[in-house]
Amino acid sequence: MEAVLQTKGLLSLPSKPKTKAFYPLPLGGLRHRLNSGHSLNTLKPKPLNGLSLSSNGFQKFQCFTTKPQLFGQKNRFFPICKAEAAAAADGQPLFAEKEPPKFMGIELVTLKKIIPLGAMFFCILFNYTILRDTKDVLVVTAKGSSAEIIPFLKTWVNLPMAIGFMLLYTKLANVLSKEALFYTVILPFIAFFGAFGFVLYPLSNYFHPTAFADKLLNSLGPRFLGPIAILRIWSFCLFYVMAELWGSVVVSVLFWGFANQITTVDEAKRFYPLFGLGANVALIFSGRTVKYFSSLRSSLGPGVDGWAISLKAMMSIVVLMGGAICFFYWWVNRNVPLPTRSQKKKVKPNMTTMESLKFLVSSKYIRNLATLVVAYGISINLVEVTWKSKLKAQFPSPNEYSSFMGDFSTATGIATFVMMLLSQWIFDKYGWGAAAKITPTVLLLTGIGFFSLILFGAPLAPALAKFGMTPLLAAVYVGAMQNIFSKSAKYSLFDPCKEMAYIPLDEDTKVKGKAAIDVVCNPLGKSGGALIQQFMILTFGSLASSTPYLGGVLLVIVLAWLGAAKSLDAQFTTLRREEELEKEMERASLKIPVVSQNDNGSGSFSSGSSLNPAGGDSTSTSSEPSSPRSL
């Protein structure tokens, strides 16, 4: 035995094994597992052919086989003991591989990705909430401006700058590495927000063309207040656009592009939902931060610009969070290896606008899905701008307005967190159709209350006074509830419903339909509400005068939304039933091969027909699984 084991040092056991455990041979030893007529000392190393295989593919007994001959090597046989395979066949591995280190059931390599990604996402969403609340305060409460500026700002400033940025980003992506592209995009954002808080806002009175804007307003009339206000407070409008781009560029393009680059599909399925919950935690904390700094004015002396001081503090936090984002990105690139990717690429159809419109018209299913996307975009814009105009009337001071928006962001985060926890139960108990109708129903009910308080507030004033509220304050609170519940329902129910609706479609319709909706419906939904408001303002003179008509437009759009959701639910259910029926038919027609063993222990496959190419009798093999034989 020792002579065989010491041959050329081919089999050597470590004197002090550390990471692998050696298990003793089963009772009886190696000699009793070989034929009794042969002595171990008389064994000659030679290949053993025709070994029987058990059902799990391992050799059933220990043996000696030859080492594979290398190129240019003479015919020399070296015996290698296959004890490990035999032990594995008996359920007792000879050598136990060391598992990767884990913490709370998660591999440390995975944690090195997920924890920095979660921290990056928290910082990005924390900044976005501060910037989103601040941009509304700046453009709505500025002198010579109002909420009527927002539709014009979104259409004529935000949209062109977003298109220009994406063209520039595409060109930079062709010449820069991914890491250089990330820093090239995010650093100008951080520099601008820092410069705005400490330079642009304090000096805004020196370079804003206030006198020229007043002259234009006197000559054109108050109905052009919105477009003229863009010129009057151009630096505030630039901040508004940069804050909007932070949400679309840094969140959607930079973060999710980086996350998809370094994570596997299994990791994404497990941890991406947690990022959504973490985003709402960031919403809660950032809302409290806005509330705190907006309340600083009460502790300052007279003549001090409290809004300027709170703005400097919030922009300082934005810059610090931006530095943390860059640090986490740098650390992950230096310490986390990239996963291997398949070289197979998916082909996405490049559809023009006209091709997308033709495809939308040709499919009722896609038309209904497109109606959902467009209706949400228009509805939320119609309500949000009208609500912000009432919000300014109730809280004209920038600090009061900002403080209220901090509470609003915190409430939105809490409501969305709760709705995300309830969404799975809603899908399981009530199905896709009920989940898809919740968002328009919430918008319809709260919209009726909001516009009723605006239009019929005077008769309700005595009743509201008993609760210590005016009709204006009640409209502000109801509008806030509408925005909170509609946004939380959108994140937790509307978005999952929209993506689930693509699943039962055939591959061609699925890909082309999504491309058509991305090309046509998303921009139409975002700018449709702004265009309607612009038309109303220019026609009736102000946003307040057009409020009754906006309420009517909202009612029509939400009813069309509910009708499309009902129609889509019936089609979605039908397609799901057809898909399940096809799967059942496929399972019924499949004949699954069963591994059985013949008398000498060798494995063979048994199914409805013989798999022997020589045409042997399929009944010669036993249909019952044979028990393991002791050797």
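These notes cover the structure that comes with them. Values in this document were obtained by computation on a predicted structure and should not be read as measured data.

Where side chains of opposite charge bring their charged atoms close, a pairing between them can arise. What the rule picks out here adds up to 10 salt bridges. With a shortest N-O distance of 3.1 Å, Glu244 and Lys135 are connected by a salt bridge. Of this pair, Glu244 sits in helix H10 (residues 234-262) while Lys135 sits in helix H4 (residues 108-141), placing them 109 residues apart in sequence. For Lys135, a relative accessible area of 3% puts it in the buried group. For Glu384, the salt bridge identified is with Lys487, shortest N-O distance 3.8 Å.

Turning our eyes to something else, we now look at helix H15 (residues 398-455). The first and last C-alpha atoms of H15 sit only 26 Å apart over 58 residues, clearly below the 86 Å expected at 1.5 Å per residue. Its maximal kink placed at Gly431, H15 deviates by approximately 120°.

A few words on the packing of aromatic side chains. With the rule as written, the count across this model stands at 34 aromatic pairs. Summarising the aromatic geometry, the rings of Phe196 and Phe239 are spaced 4.6 Å apart at their centres and angled 35° between planes, so their arrangement reads as tilted. In this pair, Phe196 is assigned in helix H6 (residues 178-200) and Phe239 in helix H10, connecting sequence segments 43 residues apart. Each member of the pair, Phe196 as well as Phe239, is classed as buried. Put simply, the rings of Phe165, Tyr169, Phe189, Phe192, Phe193, Phe196, Tyr201, Phe236, Phe239 and Trp246 pair up and form one aromatic cluster. The ring of Tyr430 carries the charged tip of Lys429 above its face, separated from the ring centre by 5.8 Å.

The rules we used
Residues numbered from 1 in each chain as written. Predicted model: local features only at pLDDT ≥ 70, side-chain atom pairs only at ≥ 80, totals over all residues. Heavy atoms only, no water. Salt bridge = Lys/Arg side-chain N within 4 Å of Asp/Glu carboxyl O. Helix = DSSP H or I, 4+ residues; strand = E, 2+ residues; numbered from the N terminus. Buried < 20%, exposed > 50% of the residue type's maximum accessible area, 1.4 Å probe, protein only. Expected span 1.5 Å × (residues − 1). Bend = angle between axes of the 7 residues up to and from the residue. Phe/Tyr/Trp six-rings, centres within 6.5 Å; stacked < 30°, edge-to-face > 60°. Lys NZ or Arg CZ within 6 Å of the ring centre and 35° of its normal.

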